[in-house]
Number of protein chains: 2
Amino acid sequence: MHRTKVKIVEEALDANNTIARANREDFDRHGVRVVNFMSAPGAGKTTLLERVAGDLPGVRVGVLEGDVQGSMDADRLASLHVPVTQLNTDPGFGGECHLDANMVRSAMHELPLDEIDLLVIENVGNLVCPAEFRVGEDVRVMVASVTEGEDKPLKYPLMFRTCDLVLVNKIDLLPHLDFDLDRFLANVDSVNPGVRAVLTSAKTGEGVEEVAAWLAG
Amino acid sequence: MHRTKVKIVEEALDANNTIARANREDFDRHGVRVVNFMSAPGAGKTTLLERVAGDLPGVRVGVLEGDVQGSMDADRLASLHVPVTQLNTDPGFGGECHLDANMVRSAMHELPLDEIDLLVIENVGNLVCPAEFRVGEDVRVMVASVTEGEDKPLKYPLMFRTCDLVLVNKIDLLPHLDFDLDRFLANVDSVNPGVRAVLTSAKTGEGVEEVAAWLAG
């Protein structure tokens, strides 16, 4: 029984990878670079995105917004005048805690792929399952807020291990926290050696230019 | 196909509820009150628990610690000299993002039910799936950190709707955040009318006594 469950999970992930490759081919054909943007709830993905999307001259950005319910983040981003497509995981599933390749595929025909150069897929706030499901992205960026504690890379290693860039966010709060930044960075490096980490604050703007340059490049 | 997936999810939840009832009967037979303790990653569950567990004279506390990997939180709590049982969701699943009734059942024989009055089940840090799976608890407590933003009750309504107590944590950081506490509490009340909310800080000790009294009562 235990082995059966493992097998079912493996088959589901295999199917997901097949669809993710199809998504990737579609994105490539349209010359769209895709970022899978992930974090715990409230780490500051949307607020950072609001700052960064305005700092990308010459790059036409689109956003695919993943949420269990509602369109609050999409509404916020729409004010930036970038095309935003909402994807809710709620109907039919009782609320999936992550995006998968098939959900992204179902939104494919609504994405203005000919009008954008960069698609940011804002995943559901969760440090576990989003890391397990490729959706057709080129790169993965994760946002870790300093308010979450230094231990998170060790508690959620798959998320930190499979990302290409770690944004250490809300860095402006550091003076008010018992957060050992060096230890956190050492923990990140222990699960994903050499991965680039950028200190960011949507409030002060620290790191925003560096992230924008990375996304544009 | 879509309908089939819904049916499979419903059947899984039905099976879970059956096992949750069996767990509950076992807990009741031993006179153990059970709290399902939930939050997003890094909201401060373990640190609050460290404070509260020391503030419960006359109540023998045990902890069942749920994590994807590792035993960092269990190690921290063990220093309180309360019995701590570790439950990892990693083996065989690729890392489940929540505890379910069957996982708790698998740990049942390791729990010192005759030696405790209150079992705190610290769930995996996640605002989605833990809310969908009853594990045999009497009550649900969720911890929401003020660093996560006012919108979370509206974005993760099932979690906020199905809990019996909301701890609004890290309240000491309020002066450094753009966080509208009244709006947050109104959002909580809109998804779970009348639910009790306690402002807490593991750092200053605010609210710790009130939480301890609630748990003991």
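Our structure is the block above this text.
A quick note: this is a predicted structure, and the numbers were derived from the prediction, not measured.

(A) Region of the structure containing the nonpolar core. With 54 residues, the main nonpolar core has Met142, Phe160 and Val166 of chain A together with Met142, Phe160 and Val166 of chain B as its most contacted residues. Counting residues per element, the ones that place at least two in this core are β5 (139-145), α6 (157-161), β6 (165-169) and α7 (181-191) of chain A together with β5 (139-145), α6 (157-161), β6 (165-169) and α7 (181-191) of chain B. Apart from residues no more than four positions distant in its own chain, Met142 of chain B is found in contact with Met38, Leu127, Met159, Phe160, Cys163, Leu165, Val166 and Leu167 of chain B. Counting 26 residues, the second-largest nonpolar core is a separate cluster that includes Val61, Val63, Val141 and Val211 of chain B.

(B) Quick look at the environment of Val195 of chain A. Residue and element names in this part refer to chain A. By secondary structure assignment, the location of Val195 is in the loop between α7 and β7 (196-199). Taking the C-alpha atoms as reference points, Val195 and Asn123, separated by 72 residues in sequence, lie 20 Å from one another. Those residues in contact with Val195 that sit more than four places away from it in its chain are Cys163, Asp164, Leu165, Val166, Val188 and Asp189.

(C) Representation of the relation of the copies chain B and chain A within the structure. Superposing chain B onto chain A takes a rotation of 180° plus a shift of 0.0 Å along the axis, which leaves an RMSD of 0.0 Å. Here the transformation between the copies is reduced to the relation of a two-fold axis. By C-alpha distance to the rotation axis, the residue of chain B lying nearest is Asn126 of chain B, at 3.0 Å. When you check the interface residues of chain B against chain A, 100% turn up at the interface there too, and the contact is symmetric in its surfaces.

(D) Structural detail: the interface of chain B and chain A. With 41 residues of chain B at the interface, the matching set in chain A holds 41 residues. Across the interface of chain B and chain A, roughly 3,400 Å² is buried in total on both sides, 57% from carbon and sulfur atoms. Across the contact surface, chain B and chain A share four salt bridges. A salt bridge links Asp67 of chain B to Lys155 of chain A, with the nearest nitrogen and oxygen atoms 3.4 Å apart. Applying the counting rule to chain B against chain A returns twelve residue pairs in polar contact (both at pLDDT 80 or more). When contributions to the side of chain B that touches chain A are tallied by element, the ones reaching two or more residues are α1 (2-29), α3 (72-78) and α5 (152-155) of chain B. In terms of residue count, α1 of chain B provides more of the side of chain B that touches chain A than any other element does, four residues in total. A class-by-class count of the residues in the side of chain B that touches chain A yields 18 nonpolar, ten polar and 13 charged.

(E) Fine view of the sheet that holds strand β1 (residues 33-39) of chain A. Residue and element names in this part refer to chain A. A sheet is described by the order of its strands in space; here seven strands give the open sequence β3-β2-β4-β1-β5-β6-β7, paired in parallel fashion. Lying at the two open borders of the sheet, with one neighbouring strand each, are β3 (84-88) and β7. Across the sheet, the axes of successive neighbouring strands diverge by a mean angle of 20°, strand direction being ignored. In this fold helix α8 (residues 208-216) packs onto β1, β4 (118-122), β5, β6 and β7, with an angle of close to 140° to the strand it touches most, β7.

(F) Focus on the packing of aromatic side chains. Residues and elements named next belong to chain A. A full pass over the atoms with the stated rule returns four aromatic pairs over all chains. The interplanar angle of 75° and the centroid separation of 6.2 Å between the aromatic rings of Phe160 and Phe184 together place this pair among those described as edge-to-face. In this pair, Phe160 is assigned in helix α6 and Phe184 in helix α7, connecting sequence segments 24 residues apart. Per residue, the accessibility class of Phe160 equals that of Phe184, and both read buried. Here the basic side chain of Arg33 rests over the ring of Trp214, its NZ or CZ set 5.9 Å away from the ring centre.

(G) Just empty space enclosed by the protein, in detail. Summed over the entire model, instances satisfying the criterion amount to two cavities of 30 Å³ or more. In this model, the largest cavity occupies a volume close to 50 Å³. Lining the largest cavity are 14 residues, and of these Pro41, Thr147 and Glu148 of chain A together with Thr147 and Glu148 of chain B lie nearest its centre. Taken together, Phe37, Leu48, Leu49, Val52, Val141, Leu167, Val211 and Leu215 of chain A form the lining of the second largest cavity. For the lining of the second largest cavity, the elements supplying multiple residues, two or more each, are α2 (45-53) and α8 of chain A. Here the lining of the second largest cavity is built from residues that sort into eight nonpolar, no polar and no charged.

(H) Here's a closer look at the environment of Val52 of chain B. Residue and element names in this part refer to chain B. Checked against the element boundaries, Val52 lands in helix α2 (residues 45-53). Look at Val52 and you get buried, because its relative accessible area is 4%. As for Val52 and Gly31, which are separated by 21 residues in sequence, their C-alpha atoms are 21 Å apart. Setting aside its immediate chain neighbours within four residues, Val52 contacts Val208, Val211, Ala212 and Leu215.

(I) A look at the environment of Phe160 of chain B. The exposure class assigned to Phe160 of chain B is buried, which follows from its relative accessible area of 1%. When sequence neighbours within four positions are dropped, the list of residues in contact with Phe160 of chain B reads Met142, Ala144, Lys152, Pro153, Val166, Phe184, Val188, Val191 and Asn192 of chain B.

(J) Fine view of the pairing of strand β7 (residues 196-199) of chain B. Residues and elements named next belong to chain B. Direction of pairing for β6 relative to β7: parallel, over a ladder of four bridges. Note on β7: the bridge partner recorded for Val166 is Ala197. Handedness of the crossover is the feature at issue here: the chain leaves β6, passes through α7, returns alongside β7, and the resulting connection is right-handed.

(K) How the structure looks around the pairing of strand β2 (residues 61-67) of chain A. Residue and element names in this part refer to chain A. For β2, the tally of buried residues reaches seven of seven residues, placing the bulk of the element in the interior. Across the two faces of β2 the burial is the same, with Val61, Val63, Glu65 and Asp67 and Gly62, Leu64 and Gly66 all buried. Inspection of the sheet shows β2 paired to β4 by five bridges, in the parallel sense. For Val63, the partnering residue across the bridge sits in β4 and is Val120. Bridge count between β2 and β3: five bridges; the pairing is parallel.

Cut-offs used in this document
Residues numbered from 1 in each chain as written. Chains lettered and ligands numbered in written order. Predicted model: local features only at pLDDT ≥ 70, side-chain atom pairs only at ≥ 80, totals over all residues. Heavy atoms only, no water. Core = buried A, V, L, I, M, F, W, Y, C linked by side-chain atoms within 4.5 Å. Buried < 20%, exposed > 50% of the residue type's maximum accessible area, 1.4 Å probe, protein only. Helix = DSSP H or I, 4+ residues; strand = E, 2+ residues; numbered from the N terminus. Contact = heavy atoms within 4.5 Å. Least-squares fit on C-alpha atoms with pLDDT ≥ 70 in both. Buried area = accessible area lost by both parts, 1.4 Å probe. Salt bridge = Lys/Arg side-chain N within 4 Å of Asp/Glu carboxyl O. Polar contact = N/O pair within 3.5 Å; in protein donor to acceptor, adjacent residues only side chain to side chain. Nonpolar A, V, L, I, M, F, W, Y, C, P; charged D, E, K, R; others polar. Pairing = 2+ DSSP bridges. Axes fitted to C-alpha atoms, helices over the stretch in contact; angles between N-to-C directions. Phe/Tyr/Trp six-rings, centres within 6.5 Å; stacked < 30°, edge-to-face > 60°. Lys NZ or Arg CZ within 6 Å of the ring centre and 35° of its normal. 1 Å grid on protein atoms, 1.4 Å probe; cavity = no way out; pocket = protein on both sides within 12 Å on 5 of 7 lines; lining within 4 Å. Points joined across faces, edges and corners; volume = space filled by probe spheres on them. Right-handed = clockwise from strand over helix to strand, strands pointing away.

In short, geometric facts, not functional conclusions.
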